[in-house]
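# What the coordinates show
Given next are the chains, with one letter for each unit.
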Amino acid sequence: MSNKKAIKRIAISTGGGDAPGLNAVIRAVVLSGLLRGWEVYGIRDGFHGVLLPERYEEGGIIRLTRDRVHGIAHLGGTMLGTSNRNNPMAYPIELPDGTIEEVDRTDEIVRALRLHHVDALISVGGDGSLAISNALSKKGLRIVHVPKTIDNDLDKTDATFGFDTAVGFATESIDRLHSTAASHGRVMVVEVMGRYAGWIALHAGVASSADAILIPEIPYDIRKVAEKIKARDKMGRHYTIVVVAEGAKPAGGSAMVVEHKKGKDERLGGIGEQVAKEINATTEKETRVVVLGHLLRGGSPTSLDRLRALRFGAAAIRALDEGHDGVMVALAYPTVKYVPISEAMGQMKHVPVDSDTIMTARDMGITFADATKE
Ligand code: F6P
């Protein structure tokens, strides 16, 4: 879509789980917008700033000046706040009888932004936020989406910011576990984020020389993990490192859910504990579990993620300036491109099971405990 109407004022929001690099996106958007003479505003906590403005002393939509984004590119989190609850497309409202009804409040967002004379929105977020961007775009809001997830599972972009930071931290953590695992002759099970895709587990696992990697794309057979542990014992390696993505599942089983949310992503967790229990039961080896969880979302973005985030932010402004509308900024090595939001949403980028990284792992003797392989 194209929209050549002159822009005077834009807004930016960050939604969904945070990822290192969000502040760098905000900084690039603000500086590139100001350079064009545009006013830039930030919406607080996803879309809460628009839907619940009374919550904020300073208002739910704040003016972003050069000073306000000074020195933030290297900081984790998001200065605007974020939320992965209360999706405006299915916003929970309590009825007088105490029951909860979900209502679509996207019209209110469009109206509120018009009232604020916002000509265009830059929405930064993952798959859930992409669906919201698509709905807002269909309602006539001029919009450019910036993809975000540490899980690296968004389709139509070669990569997202946050992933490199998460992989770097997981790698360093697993590196540290080698020596304690070896000293005690234990099995260490490390659970990392990765709801539907095993990118973090795969990359960190290979980089840190794990012995087994369990990912959602390759259903596992715990007996294969036990075989690996026993084979290592025979070689005189009395310890084993097993990396497990939170969405990994045994053959014929399903991912471990800690909280079911109606119509939304379930909250996963517990697979590391489960795998450790089964390993202990089948091998009798002492086993410990480390859940890296939200540590992977925290901290300073790596320089790679910072640069990616800055490039995405500046590209989003260029997209608006060039008249693009309803598009997502995407990385297409070595450059960035714009893809229609409608084409990018609803699709996951899974680890291709025949990828060279998987083959590299196999060539190095790392097992995926494939249930289907002898
Ligand atoms: O989307 C990133 C992610 O880190 C997933 O891997 C994980 O399942 C989810 O966020 C957890 O989010 P939260 O605990 O914030 O709801």
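The structure this text deals with has already been given above.
This one's a predicted model, so the numbers in the text were calculated from it and none came from an experiment.

Okay, the overall build of the chain next. Counting secondary structure elements, the chain contains eleven helices and 15 strands. Across the 374 residues of the chain, 54% fall into the buried class. Sequence separation of 24 or more characterises 72% of the internal contacts of the chain that already satisfy a separation of 6 or more. When the accessible surface of the chain is summed, it comes to about 16,500 Å², and 51% of that surface belongs to carbon and sulfur atoms. Of the charged side chains in the chain, 47 are positive and 47 negative; the average position of the first set lies 3 Å away from that of the second.

Note on pairing: side chains with opposite charge can pair once their charged atoms come close. The final tally for this structure, using the stated rule, is 16 salt bridges. One salt bridge in this structure joins Asp 321 and Arg 36, with 2.7 Å as the shortest N-O distance. With Asp 321 in helix H9 (residues 303-321) and Arg 36 in the loop between helix H1 (22-35) and strand E2 (39-43), this residue pair connects regions lying 285 residues apart in the sequence. You can call Asp 321 partly exposed: its relative accessible area is 43%. A salt bridge links Arg 105 to Glu 108; the shortest N-O distance between them is 2.8 Å. Classification of Arg 105 by relative accessible area gives buried; the value is 10%. A single network of salt bridges, built from pairs that share partners, joins Asp 104, Asp 107 and Lys 139.

Taken together, Asn 84, Ile 150, Asp 151, Met 193, Gly 194, Arg 195, Glu 246, His 294 and Arg 297 are the residues near the ligand. Isolated, the ligand exposes 400 Å² of accessible area, and the fraction of that covered by the protein chains is 81%. Class assignment of the residues belonging to the shell around the ligand gives a composition of two nonpolar, three polar and four charged.

It is worth spelling out the environment of Leu 136 at this point. With respect to the secondary-structure elements, Leu 136 resides in helix H4 (residues 127-138). Here Leu 136 falls in the buried class, since its relative accessible area comes to 0%. The spacing of Leu 136 and Val 351 is 215 residues in sequence and 30 Å in space, taken between C-alpha atoms. Discounting chain neighbours no more than four positions away, the residues touching Leu 136 are Phe 47, Thr 106, Ile 109, Val 110, Leu 121, Leu 141 and Ile 143.

Ordered in space as E3-E2-E1-E6-E7-E14-E15, the seven strands form an open sheet in which the pairing is mixed. The two strands at the open ends of the sheet, each matched to only one other strand, are strand E3 (61-63) and strand E15 (335-340). With strand direction ignored, the average angle separating the axes of adjacent strands in the sheet is 30°. Where E2 lies against E3, three bridges are found, and the strand directions are antiparallel. Following the sheet pairing, Tyr 41 is matched in E3 by Arg 63. In the packing of H1 onto the sheet, the strands contacted are strand E1 (9-14), E2, strand E6 (120-125) and strand E7 (143-147), and the crossing angle to E1 comes to about 180°.

A word on the packing of H1 against H9. Two numbers describe how H1 lies on H9: the axes approach to 7 Å, and their chain directions differ by 35°. By crossing handedness, the relation of H1 to H9 is classed as right-handed. From H1, Ala 24, Val 25, Ala 28, Val 29, Ser 32 and Gly 33 reach across to H9, where they touch Arg 306, Ala 309, Leu 310, Gly 313, Ala 314 and Ile 317. Counted by class, the contact of H1 with H9 contains eight nonpolar, three polar and one charged residues.

If you check H9, its first and last C-alpha atoms are 27 Å apart, about what 19 residues at 1.5 Å a residue would give, namely 27 Å. Here H9 has its buried residues at Asp 305, Arg 308, Ala 309, Phe 312, Gly 313, Ala 314, Ala 315, Ala 316, Ile 317, Ala 319 and Leu 320. At the exit of H9 stands Gly 323, carrying a positive phi of roughly 95°.

Criteria and thresholds
- Numbering of residues starts from 1 in each chain and follows the order in which that chain's sequence is written.
- The predicted nature of this model means local features are confined to residues of pLDDT at least 70 and side-chain atom pairs, given and counted, to a pLDDT of 80 or more, with totals for whole chains, interfaces and linings taken over all residues.
- Side-chain numbers here rest on the full set of heavy atoms in the structure, without hydrogens or water.
- Under the scheme used here, helices are H or I runs from DSSP no shorter than 4 residues and strands are E runs no shorter than 2 residues, and both carry numbers assigned from the N terminus.
- Each residue is placed in one exposure class: buried if its accessible area under a 1.4 Å probe, protein chains only, is under 20% of its type's maximum, exposed if it is over 50%, and partly exposed if it falls in between.
- Contact criterion: two residues are considered in contact whenever any of their non-hydrogen atoms come within 4.5 Å of each other.
- Per-residue accessibility takes into account occlusion by the displayed protein chains alone, with areas from the Shrake-Rupley method and a 1.4 Å probe.
- Positive residues here are Lys and Arg, negative ones are Asp and Glu, while His and the chain termini are left out of the count.
- Think of each charge as sitting on NZ of Lys, CZ of Arg, CG of Asp or CD of Glu.
- Salt bridge criterion: a side-chain nitrogen from Lys or Arg within 4 Å of a carboxyl oxygen from Asp or Glu.
- By convention in these notes, a residue is near a molecule or strand provided one of its non-hydrogen atoms lies within 4 Å of it.
- The classification used treats Ala, Val, Leu, Ile, Met, Phe, Trp, Tyr, Cys and Pro as nonpolar, Asp, Glu, Lys and Arg as charged, and all other residues, Gly among them, as polar.
- Note on pairing: DSSP must find at least two bridges between two strands before they are called paired.
- Here an angle of 0 to 180 degrees is reported between the N-to-C directions of two axes, which are lines fitted to C-alpha atoms, with helices fitted over the stretch in contact.
- Handedness of each helix crossing follows the sense of rotation of the near helix against the far helix: counterclockwise by less than a right angle gives left-handed, clockwise gives right-handed.
- Helices are assigned an expected span. That span is 1.5 Å times one less than the residue count.

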